[in-house]
Amino acid sequence: MTQEEKTQIEERIVDVLKTVYDPEIPVNIYDLGLIYKIDVKDDGNVDIDMTFTAPTCPAADFILEDVRQKVDSLQGVNTATVNLVFEPAWDQSMLSEEARIELGFE
């Protein structure tokens, strides 16, 4: 797989991640800054590192499965592995500008 193909797949992944929401927050997980890493490998396998705003997120299982299923369904993705990480700890500085406006921080 070429670097250009990997970049195109990563762009599609970002687009689909922007359709995943925490039911308690009206901003998608990508703009919330919950996605720490997207690694598209030559064989089409994808590793995603993500976190939550709080380790005790009641919707964690639902959100993780939603991410995995949506990324798995993309053309060019062989399989997606979603890793839940808590380092570094999430904080409000990770919000995108759009998320800051939506949540009233700007």
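None of these values were measured; they are calculated from a predicted model.

## Brief notes about helix H1 (residues 3-17)
Next up, step 1: Taking 1.5 Å of rise per residue, the 15 residues of H1 would be expected to cover 21 Å, and the 21 Å separating its terminal C-alpha atoms lies within 8% of that figure.
Next up, step 2: Lys 6, Ile 9, Ile 13, Val 14, Val 16 and Leu 17 are the residues of H1 that are buried. Within H1, the buried residues cover an arc of 165° as seen down the axis, which keeps them to one side. Facing away from the buried surface of H1 by more than 90 degrees, the exposed residues are Glu 4 and Asp 15.
Next up, step 3: Buried residues along H1 sit against strand S1 (35-40), strand S2 (45-50) and helix H2 (60-72).

## So, the sheet that holds strand S3 (residues 79-84)
Adjacent strands of a sheet pair through backbone hydrogen bonds, lying either parallel or antiparallel.
Next up, step 1: Reading across from one edge, S1-S2-S3 is the order of the three strands in this open sheet, with mixed pairing throughout. What marks the edges here is a single partner per strand, and that holds for S1 and S3. Neighbour-to-neighbour, the strand axes of the sheet open up by a mean angle of 15°, direction not taken into account.
Next up, step 2: Pairing analysis gives five bridges linking S1 to S2, with the strands arranged antiparallel. Following the sheet pairing, Ile 38 is matched in S2 by Ile 48.
Next up, step 3: Packing of H1 onto the sheet brings it into contact with S1 and S2, and relative to S1 it is tilted by some 145°.
Next up, step 4: Along the sheet, H2 contacts S2 and S3; its crossing angle with S3, the most-contacted strand, is approximately 155°.

## A word on the side chain of Asn 45
Next up, step 1: Position of Asn 45 among the secondary structure elements: in strand S2.
Next up, step 2: Residues contacting Asn 45, with those up to four places away along its chain left out, are Asp 39, Val 40, Asn 78 and Thr 79.

## As for unusual backbone geometry
Most peptide bonds adopt trans geometry, and most residues besides glycine take a negative phi value.
Next up, step 1: At the junction of Glu 87 and Pro 88, the peptide bond is cis and its omega measures out at -5° in the coordinates.
Next up, step 2: For Pro 88, the position within the fold is in the loop between S3 and helix H3 (97-102).

Criteria and thresholds
- Residues numbered from 1 in each chain as written.
- Predicted model: local features only at pLDDT ≥ 70, side-chain atom pairs only at ≥ 80, totals over all residues.
- Heavy atoms only, no water.
- Helix = DSSP H or I, 4+ residues; strand = E, 2+ residues; numbered from the N terminus.
- Expected span 1.5 Å × (residues − 1).
- Buried < 20%, exposed > 50% of the residue type's maximum accessible area, 1.4 Å probe, protein only.
- Arc of directions from axis to C-beta.
- Contact = heavy atoms within 4.5 Å.
- Pairing = 2+ DSSP bridges.
- Axes fitted to C-alpha atoms, helices over the stretch in contact; angles between N-to-C directions.

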